[in-house]
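Close look at the chain arrangement
Listed below are the residues making up each chain.
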Amino acid sequence: FILFIKGAPDVILRRSSSFLLNQEIVPLNDQLKEATLTANHDLASQGLRILAVAFREVNQEKIDPSLEEDLVFIGLFAMLDPPRPEIKDAIAACKEAGIRTIMITGDHKDTAI
(Lines give C-alpha, C1' and ligand atoms only; values in the text may rest on other atoms or scores of the structure.)
Protein backbone atom coordinates (compact mmCIF):
# COMPACT_ATOMS: atom_id res chain seq x y z
CA PHE A 1 0.00 0.00 0.00
CA ILE A 2 1.05 3.59 -0.53
CA LEU A 3 -0.02 6.27 1.91
CA PHE A 4 -0.18 9.79 0.44
CA ILE A 5 -0.13 12.81 2.76
CA LYS A 6 -0.87 16.46 2.00
CA GLY A 7 -0.55 19.47 4.24
CA ALA A 8 1.41 22.55 5.20
CA PRO A 9 4.92 22.44 3.69
CA ASP A 10 6.74 23.02 6.99
CA VAL A 11 4.78 20.22 8.69
CA ILE A 12 5.24 17.74 5.84
CA LEU A 13 8.97 18.56 5.66
CA ARG A 14 9.34 17.89 9.41
CA ARG A 15 7.71 14.49 8.94
CA SER A 16 9.85 13.56 5.93
CA SER A 17 13.18 11.78 5.94
CA SER A 18 13.59 11.45 2.17
CA PHE A 19 13.01 13.56 -0.93
CA LEU A 20 11.93 12.57 -4.42
CA LEU A 21 14.53 14.25 -6.64
CA ASN A 22 14.67 13.58 -10.38
CA GLN A 23 12.67 10.37 -9.92
CA GLU A 24 15.11 9.12 -7.28
CA ILE A 25 14.55 8.92 -3.53
CA VAL A 26 17.41 10.67 -1.72
CA PRO A 27 17.95 11.55 1.96
CA LEU A 28 16.33 14.84 2.94
CA ASN A 29 19.15 17.20 3.86
CA ASP A 30 19.30 20.82 5.02
CA GLN A 31 19.95 22.11 1.49
CA LEU A 32 16.79 20.45 0.12
CA LYS A 33 14.75 21.65 3.10
CA GLU A 34 15.96 25.23 2.64
CA ALA A 35 15.31 25.17 -1.12
CA THR A 36 11.78 23.88 -0.49
CA LEU A 37 11.03 26.49 2.18
CA THR A 38 12.38 29.23 -0.10
CA ALA A 39 10.15 28.01 -2.95
CA ASN A 40 7.22 27.95 -0.52
CA HIS A 41 7.92 31.54 0.54
CA ASP A 42 8.30 32.71 -3.07
CA LEU A 43 5.02 31.11 -4.15
CA ALA A 44 3.11 32.25 -1.06
CA SER A 45 4.40 35.80 -1.58
CA GLN A 46 2.56 35.76 -4.91
CA GLY A 47 -0.69 35.13 -3.01
CA LEU A 48 -0.81 31.44 -3.93
CA ARG A 49 -2.09 28.74 -1.57
CA ILE A 50 0.55 26.06 -1.09
CA LEU A 51 0.24 22.40 -0.19
CA ALA A 52 3.03 19.90 0.20
CA VAL A 53 2.65 16.24 -0.76
CA ALA A 54 4.56 13.19 0.45
CA PHE A 55 4.14 9.44 0.48
CA ARG A 56 5.17 6.34 2.35
CA GLU A 57 4.92 2.68 1.50
CA VAL A 58 3.13 0.70 4.19
CA ASN A 59 2.42 -2.98 4.63
CA GLN A 60 -0.95 -2.65 6.30
CA GLU A 61 -4.38 -1.54 5.28
CA LYS A 62 -5.23 0.14 8.58
CA ILE A 63 -4.01 3.74 8.81
CA ASP A 64 -2.95 5.33 12.08
CA PRO A 65 -1.14 8.62 12.84
CA SER A 66 2.18 6.89 13.53
CA LEU A 67 2.42 6.17 9.80
CA GLU A 68 2.59 9.91 9.08
CA GLU A 69 6.34 9.96 9.79
CA ASP A 70 9.41 8.92 7.80
CA LEU A 71 7.77 10.23 4.59
CA VAL A 72 9.21 10.77 1.12
CA PHE A 73 8.64 14.42 0.23
CA ILE A 74 7.27 14.74 -3.32
CA GLY A 75 6.86 18.47 -3.77
CA LEU A 76 4.72 21.58 -3.56
CA PHE A 77 1.45 22.40 -5.25
CA ALA A 78 0.48 26.04 -5.70
CA MET A 79 -3.01 27.18 -6.52
CA LEU A 80 -4.64 30.51 -7.11
CA ASP A 81 -7.54 31.13 -4.74
CA PRO A 82 -8.34 34.85 -5.03
CA PRO A 83 -10.74 36.66 -2.74
CA ARG A 84 -14.31 36.81 -4.00
CA PRO A 85 -15.08 39.95 -6.01
CA GLU A 86 -17.71 41.10 -3.50
CA ILE A 87 -15.29 41.09 -0.53
CA LYS A 88 -14.20 44.71 -0.98
CA ASP A 89 -17.79 45.97 -0.73
CA ALA A 90 -18.54 43.65 2.20
CA ILE A 91 -15.54 44.94 4.17
CA ALA A 92 -16.51 48.55 3.36
CA ALA A 93 -20.08 47.90 4.59
CA CYS A 94 -18.74 46.39 7.81
CA LYS A 95 -16.43 49.33 8.38
CA GLU A 96 -19.30 51.77 7.80
CA ALA A 97 -21.37 49.85 10.35
CA GLY A 98 -18.58 50.14 12.91
CA ILE A 99 -17.48 46.52 12.64
CA ARG A 100 -13.74 45.90 12.81
CA THR A 101 -12.73 43.26 10.27
CA ILE A 102 -10.05 40.71 11.16
CA MET A 103 -8.72 38.23 8.64
CA ILE A 104 -8.33 34.65 9.90
CA THR A 105 -6.75 32.11 7.60
CA GLY A 106 -5.10 28.73 7.68
CA ASP A 107 -2.86 29.80 4.82
CA HIS A 108 0.82 30.61 5.13
CA LYS A 109 1.50 34.10 6.53
CA ASP A 110 3.05 35.19 3.21
CA THR A 111 -0.10 34.15 1.31
CA ALA A 112 -2.28 36.15 3.69
CA ILE A 113 -0.13 39.27 3.35
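Provided above is the structure to which this section pertains.
In this report, the structure presented in the accompanying data block is examined. Keep in mind that this is a model prediction, so the values were computed, not measured.

With respect to topology, 5 strands assemble into an open sheet ordered β1-β4-β5-β2-β3, the strand pairing being mixed. At either margin of the open sheet sits one strand with a lone partner, and together these are β1 (2-7) and β3 (24-27). Across the sheet, the mean angle separating the axes of adjacent strands is 40° when strand polarity is ignored. Alignment of strand β4 (residues 48-57) against strand β5 (residues 71-80), held across 8 bridges, turns out to be antiparallel. Pairing of Phe55 across the sheet is with Val72, part of β5. With respect to the sheet, helix α2 (residues 30-44) is in contact with β2 (16-21), β3, β4 and β5, its orientation differing from that of β5 by roughly 15°.

Looking now at the nonpolar core. Formed by 14 residues in total, the largest nonpolar core has its most connected members in Leu3, Ile5, Ile12, Phe19, Leu28, Leu32 and Phe73. When residues of this core are traced back to their parent elements, those giving at least two are β1, α1 (9-14), β4 and β5. Among residues more than four places away in sequence, those in contact with Leu3 are Ala54, Phe55, Arg56, Val58, Ile63 and Leu67.

Calculation criteria
Residues numbered from 1 in each chain as written. Predicted model: local features only at pLDDT ≥ 70, side-chain atom pairs only at ≥ 80, totals over all residues. Heavy atoms only, no water. Pairing = 2+ DSSP bridges. Helix = DSSP H or I, 4+ residues; strand = E, 2+ residues; numbered from the N terminus. Axes fitted to C-alpha atoms, helices over the stretch in contact; angles between N-to-C directions. Contact = heavy atoms within 4.5 Å. Core = buried A, V, L, I, M, F, W, Y, C linked by side-chain atoms within 4.5 Å. Buried < 20%, exposed > 50% of the residue type's maximum accessible area, 1.4 Å probe, protein only.

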